[in-house]
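Observations on chain architecture
Residues per chain, in single letters:
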Amino acid sequence: MSIDLAVVPVAGRGTRLLPLTKSQPKEMLPVGRRPVVQHVVEEMVRSGVRRILFITGAAKSAIENHFDIDAELIAHLRETGKEDLLAELAFERENVDYFFTRQRRQLGLGHAVLCAAPMVGDAPFVVALGDSIIGMGDASDVTRRMIDEFDRRSADAVIAFQEVPAEEVVHYGIAESDGKPGDVFRLKRIVEKPSVKEAPSRLAVAARYVFSPKIFAMLRQTQAGKANEIQLTDAIQHLIASGGGVYGVRLAPGELRYDIGNYESYFRAFLEFALADPQYGGEVRAALKRILD
Ligand code: UTP
């Protein structure tokens, strides 16, 4: 079955990036020449997605505006002889329909995904976190690979994983695989933010998921945990425990995950994208070299 719907949660408060996120969504922060969420949407479109449902919240209207067609701006560019800049707005005309619903209480990522249930109905769907980019430019087809595995294995869920340094397991959902994990592996267990000692592996959830609608029943059974949040990882663990087929797909070596949720990895992502800019990358490199020397 081809999957054409992606749910993109963007309702989180982004408190780790205060004061940047006081009145603007972290998903609109620039990485290279695009806001984070535009990178995410372009990746989805490349994977065959044609409908995107944003789970939004208060102070997130900039996201809705960004994907709207701005006829006034287009007319202004034409009238002022800046037609060459129209190419920068080409993403407005992607062959995709946008839908928006509000997560009216910030009860965590699991709850944000549950907000999609009335729209998703009885079909499988992708979840792509709006604050994480996978691969630079068009360097990743992980969502396409995940959809293929979902179909091939008649799975209930397929999740992207990346190997992280041991000290970083405390930030992510961590996989325990059934046997030695290859590029694709079956999950035996998933643990949310384990200690370094308790972590069953260094394979960390990497911001992309494909789910059958069974995940909604699991989310409804999931009690709020830490910080009164419903954890998506806990619902995935319920799915595994109830006999569901849950698989992991590893990111390829060049397919880095850029997490924009904290300053350390946001700064790293911004620098990498600026250095790779076809027009200004060379100058950025020279400026950095001067600073470092
Ligand atoms: P995070 O786990 O980074 O949470 O969200 P957060 O609340 O945005 O950030 P902090 O912890 O306060 O700094 C991962 C993704 O899930 C969305 C976020 O918008 C982000 O894209 N999310 C998170 C929701 O949509 N709703 C939530 O209740 C929590």
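Up top is the structure.
The sections below set out a description of the structure shown in this document. As a convention, each chain's residues are numbered from 1 in the sequence order in which they are written. For a predicted model such as this one, the threshold for reporting local features is a pLDDT of at least 70, and the threshold for listing and counting side-chain atom pairs is 80 or more; totals across whole chains, interfaces and linings nevertheless cover every residue. Note that water and hydrogens are dropped before the side-chain values are worked out from all heavy atoms of the structure.

1. So, the overall build of the protein
Let me state the cut-off plainly: Helix numbers and strand numbers start at the N terminus; a helix is a DSSP run of H or I with at least 4 residues, a strand a run of E with at least 2. Two things to know: the radius of gyration comes from C-alpha atoms, and the globule rule equals 2.2 Å times the number of residues to the power 0.38. Any two residues whose heavy atoms approach within 4.5 Å at even a single point are treated as in contact. For every accessible area listed, the method is Shrake-Rupley and the probe measures 1.4 Å; residues are considered covered only by the protein chains on display. The charge count treats Lys and Arg as positive and Asp and Glu as negative. His and the chain ends do not count. Every charge is mapped to an atom, namely NZ of Lys, CZ of Arg, CG of Asp or CD of Glu.
Scanning the protein from terminus to terminus reveals 10 helices and 13 strands. The C-alpha radius of gyration of the protein comes to 19 Å, within 12% of the 19 Å expected for a compact globule of 293 residues. Reported as C-alpha extents along the three principal axes, the dimensions of the protein are approximately 60 × 50 × 35 Å. Considering only contacts within the protein whose residues lie at least 6 apart along the sequence, 76% involve residues at least 24 apart. Taken as a whole, the protein presents about 14700 Å² of accessible surface, with 51% of it coming from carbon and sulfur. One way to put it: in the protein the 37 positive side-chain charges average out to a point 5 Å from where the 40 negative ones average out.

2. Brief notes about unusual backbone geometry
In the segment running from L18 into P19, the intervening peptide bond is cis, with an omega of 5 degrees. With respect to the helices, strands and loops of the structure, P19 is situated in the loop between β1 (5–9) and β2 (30–31). A positive phi angle, near 65 degrees, is found at A59, a position not held by glycine. The residue A59 is located in the loop between β4 (51–56) and α2 (61–66) in this model.

3. Observations regarding the site of the ligand
The line we're drawing: Think of it this way: one heavy atom of a residue within 4 Å of a molecule or strand is enough to make that residue near it. For this analysis, a polar contact is any N or O atom pair within 3.5 Å, provided that within protein one partner can donate a hydrogen and the other can accept it, and provided that sequence-adjacent residues contribute only side-chain to side-chain pairs. Residues are grouped as follows: Ala, Val, Leu, Ile, Met, Phe, Trp, Tyr, Cys and Pro are nonpolar; Asp, Glu, Lys and Arg are charged; all remaining types, including Gly, are polar.
With respect to spatial proximity, 18 residues lie near the ligand, and among them G12, T15, R16, E27 and Q103 are the closest. Contact distances for the ligand include 3.0 Å between an oxygen atom and a backbone N or O atom of P9. Considering the ligand on its own, with 570 Å² of exposed area, one finds that the protein chains cover 83% of that surface. Split into classes, the residues belonging to the shell around the ligand amount to six nonpolar, seven polar and five charged.

4. What to know about the packing of helix α7 (residues 214–221) against helix α8 (residues 232–241)
Cut-off, in case you're wondering: What counts as an axis is a line fitted to C-alpha atoms, over the stretch in contact for a helix, and the angles between N-to-C directions run from 0 to 180 degrees. When an angle is under 35 degrees it counts as roughly parallel; over 145 it counts as roughly antiparallel; between 65 and 115 it counts as roughly perpendicular; any other value is oblique. The crossing is said to be left-handed when, going from far helix to near helix, the turn is anticlockwise and less than a right angle, and right-handed when the turn is clockwise.
Relative to each other, α7 and α8 sit at 115 degrees, their axes nearing to 8 Å. By the angle between their axes, α7 is roughly perpendicular relative to α8. Classified by chirality, the crossing of α8 by α7 is right-handed. Along the contact surface, α7 presents K214, I215, M218, L219 and Q221, while α8 presents L232, A235, I236, H238 and L239. Looking at the contact of α7 with α8 residue by residue, the classes come out as seven nonpolar, two polar and one charged.

5. Description of helix α10 (residues 281–292)
Note the cut-off: In this analysis, the expected span of each helix is defined as 1.5 Å times one less than the number of residues it contains. Only protein chains enter the accessibility calculation, which uses a 1.4 Å probe. A residue is then buried if its area is under 20% of the maximum for its type, exposed if over 50%, and partly exposed in between.
Along its 12 residues, α10 runs 16 Å from first to last C-alpha, staying within 8% of the 16 Å computed at 1.5 Å per residue. With respect to burial, α10 is a largely exposed element, only one of its 12 residues being buried.

6. A short note on helix α6 (residues 142–152)
Inclusion rule: Arc, as used here, means the arc of the directions from the helix axis to the C-beta atoms.
Listed in full, the buried residues belonging to α6 are V142, T143, M146, I147, E149 and F150. Taken down its axis, α6 places every buried residue within 165 degrees of arc, on the same side. Two residues or fewer past α6, S154 is found with a positive phi of approximately 45 degrees.

7. Describing the packing of helix α9 (residues 263–275) against α10
Across the interface, α9 lies against α10 with an axial gap of 7 Å and an inter-helix angle of 125 degrees. Looking at the two axes, α9 sits oblique to α10. Counted together, L271, A274 and L275 of α9 and G281, V284, R285 and L288 of α10 form the full contact between these two elements. Among the residues forming the contact of α9 with α10, the class breakdown is five nonpolar, one polar and one charged.

8. Quick word on a negative patch on the surface
Rules: Patch membership needs two things, relative accessible area over 30% and no salt bridge, and members are linked within 9 Å if like-charged or within 5 Å if nonpolar (Val, Leu, Ile, Met, Phe, Trp, Tyr). Any carboxyl oxygen of Asp or Glu that lies within 4 Å of a side-chain nitrogen of Lys or Arg is treated as forming a salt bridge with it.
Where like charges cluster on the molecular surface, the negative patch consists of E64, D68, D70 and E72. Summarising the element assignment, E64 is placed in helix α2. Overall, the relative accessible area of 38% leaves E64 in the partly exposed class.

9. Description of the environment of E168
Position of E168 among the secondary structure elements: in the loop between β8 (157–163) and β9 (173–177). Judged by relative accessible area, which is 26%, E168 ranks as partly exposed. E168 sits 37 residues away from D131 along the chain, and the two C-alpha atoms are 18 Å apart.

10. Examining the pattern of salt bridges
The tally for this structure, following the rule as stated, stands at 19 salt bridges. Its salt-bridge partner being D277, residue R33 comes within 2.6 Å of it at the nearest N-O pair. Taken together, the residues span a long stretch of sequence, with R33 in the loop between β2 and β3 (34–35) and D277 in the loop between α9 and α10 at a distance of 244 residues. Residue K188 is joined to E176 by a salt bridge in which the shortest nitrogen-to-oxygen separation is 3.7 Å. In this pair, K188 is assigned in strand β10 (residues 184–192) and E176 in strand β9, connecting sequence segments 12 residues apart. One network of salt bridges, with partners in common, ties together D141, R145 and E255.

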